Amino acid sequence: MKRRIIAALAALGLAATIGSGVAPAAYSAEPGGSPYVALGDSEAAGTGNLPYVGQSCLRSRKAYPTVLAETLNTSVASAACAGAKTDDVLGQVAMLSATGDLGPATRLVTLTAGINNVDWQAGLVACGEGGDPVACAQALAVAQQAVQVLPVKIGMLVGAIRMAAPNALIAVTGYPLLFGDVTTFCSVGASQGAPAKFTAAQTALVNSFIEGVNTAITAGVAGYRQQTGDSSVRFVDIAAGFDGHGLCDTGDRWISGLVSGKTTSDRGLHPNVPGQQVWAGTVAAALMP
């Protein structure tokens, strides 16, 4: 599989960097741009999987961009940062362009962004058991508004990346669903020393939020391609690859539950190490012709 991926990417010039190693952060520019650049939020940063190489952004050595770079035998410049929204990722693009890490020589860009634009956590709290129906309706309305404008946000972000990296293949990922099919309750660890459980209705609400975000990201990529004719932008479906491996699902968990503790609490509801590896493998497979 690895040889097939490298062969497929040779036409893009990415495989020409074989043996150059993996750069953990975006501060060592290569002429014309790094061959592979990673942009996005905590999912792309690998947040929760120690050790970190970028403490301020909770960027992990085990994040999917690093795993993908190792698979491709290339280097990666990652600016992914926990908590980033699409506007923040525009700042990442500007920063990497200014440092020279993102440019004409860049052959691959991965982008994971959009989930933080939608405040699904507020909806989870407001629409939980004992929640106020009015507050729940308001939270859902706010989330829906954010989802409705997300395709435009994604399209603008892809356009900014294309301006900075005219020769890159841009892979825009969706997100995995957090939960499996829950009929009663889903126990997901502990929060502030107390066991944490989600009802079936809460898990369905969270999954529906994520599905809405994935649909919006897909629409943003499709709209950009239609308007520009740019066939070197692809949407990568991550949810399908995680099917059966969510919280309270049928297979091994690839999503971390809630964990108390100063150094471990960041793991909560983020992909674990196997999840990051599957994410990288899903992207790698999508790079094939």
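Within each chain, residues carry numbers counting from 1 in the order of the written sequence. Where totals are concerned, whole chains, interfaces and linings use all residues; where local detail is concerned, this predicted model gives features only for residues with pLDDT of at least 70, and gives and counts side-chain atom pairs only at 80 or more. Heavy atoms throughout the structure, all of them, feed into the side-chain values; hydrogens and water do not.

(A) Layout of the overall build of the protein. In this description a helix means any DSSP run of H or I spanning at least four residues, a strand means any run of E spanning at least two, and both kinds are numbered starting from the N terminus. In terms of helices and strands, the protein carries eight helices and nine strands. To sort residues, take the accessible area from a 1.4 Å probe on protein chains only and compare it with the maximum for the residue type: under 20% means buried, over 50% means exposed, and anything in between is partly exposed. Here the protein holds 289 residues, and the buried ones make up 52% of them. Sequence separation of at least 24 residues holds for 74% of the intrachain contacts in the protein that already meet a minimum separation of 6. Reported accessibility uses the Shrake-Rupley method at a 1.4 Å probe radius. Residues are deemed covered only where the shown protein chains occlude them. Taken as a whole, the protein presents about 12400 Å² of accessible surface, with 56% of it coming from carbon and sulfur. Here, residues are in contact when the closest pair of their heavy atoms is within 4.5 Å.

(B) Spotlight on the state of the cysteines. Pairs of cysteine sulfur atoms within 2.5 Å are what we label disulfides. Scanning all chains against the criterion turns up two disulfides. Two residues share a disulfide in this structure: Cys57 and Cys81, whose sulfurs sit 2.0 Å from each other. Measuring the twist about the S-S bond at about -85°, one finds the Cys57-Cys81 disulfide to be left-handed. On the criterion of sequence distance, the pair formed by Cys57 in the loop between β2 (52-54) and β3 (59-60) and Cys81 in the loop between β4 (77-78) and α4 (86-99) is long-range, its members being 24 residues apart. A relative accessible area of 14% places Cys57 in the buried class. Given the relative accessible area of 18%, Cys81 is considered buried.

(C) Inspection of the packing of helix α3 (residues 64-72) against helix α8 (residues 273-286) at higher detail. Only the stretch in contact is used when fitting a helix axis, every axis being a line fitted to C-alpha atoms; angles between N-to-C directions are given from 0 to 180 degrees. Contact pair α3 / α8: the axes reach a minimum separation of 8 Å and the direction vectors enclose 55°. Here α3 lies oblique to α8, going by the angle between them. Read as a crossing pair, α3 and α8 show a hand that is right-handed. Counted together, Tyr64, Val67 and Leu68 of α3 and Gln276, Gln277, Trp279, Ala280, Val283 and Ala284 of α8 form the full contact between these two elements. As a working rule, the residues Ala, Val, Leu, Ile, Met, Phe, Trp, Tyr, Cys and Pro are called nonpolar, Asp, Glu, Lys and Arg charged, and the rest polar, with Gly in that last group. Looking at side-chain class alone, the contact of α3 with α8 contains seven nonpolar, two polar and no charged residues. Orientation categories follow fixed angle ranges, with anything under 35 degrees roughly parallel, anything over 145 roughly antiparallel, 65 to 115 roughly perpendicular, and all other angles oblique. Crossing handedness is defined as follows: a turn of the near helix away from the far one that is anticlockwise and smaller than a right angle gives a left-handed crossing, while the clockwise case is right-handed.

(D) Layout of α3. When you tally the buried positions in α3, you get seven out of nine residues, the bulk of the element. Along α3, the residues that are buried comprise Tyr64, Pro65, Thr66, Val67, Leu68, Ala69 and Leu72. Of the residues one or two after α3, Asn73 is the one with positive phi, at around 55°.

(E) Main features of the side chain of Thr112. If you trace the backbone, Thr112 turns up in strand β5 (residues 108-112). Residues adjacent in sequence count toward polar contacts only when both atoms are side-chain atoms; beyond that, a polar contact is any pair of N or O atoms within 3.5 Å, and within protein one must be able to donate a hydrogen and the other to accept it. A distance of 2.7 Å separates the side chain of Thr112 from the side chain of Tyr64, its partner in a polar contact. Apart from residues lying up to four places away in sequence, Thr112 is in contact with Leu39, Gly40, Asp41, Glu43, Ala44, Tyr64, Thr173, Gly174, Tyr175 and Trp279.

(F) Summary view of the nonpolar core. Counting 73 residues, the largest nonpolar core has Leu39, Val109 and Leu111 as its most contacted members. By residue number, the principal contributor to this core is helix α7 (residues 200-228), which donates 10 residues. Among residues more than four places away in sequence, those in contact with Val109 are Val37, Leu39, Leu102, Ile161, Ala165, Ala168, Leu169, Ile170 and Ala171. Working definition of a nonpolar core: buried Ala, Val, Leu, Ile, Met, Phe, Trp, Tyr and Cys residues. They are joined through side-chain atoms within 4.5 Å.

(G) How the structure looks around the pairing of strand β6 (residues 169-173). Burial analysis of β6 places five of its five residues in the buried class, which makes it a mostly covered element. What you see with β6 is no split at all: Leu169, Ala171 and Thr173 on one side and Ile170 and Val172 on the other are buried throughout. In this scheme, strands are said to pair when DSSP sees at least two bridges between them. Strand direction decides the pairing type here: β5 and β6, joined by four bridges, are parallel. When the sheet's bridge partners are listed, Thr110 is paired in β6 with Ala171. The pairing of β6 with strand β9 (residues 233-236) spans four bridges and is classified as parallel. By the bridge assignment, Val172 is partnered in β9 with Phe235.

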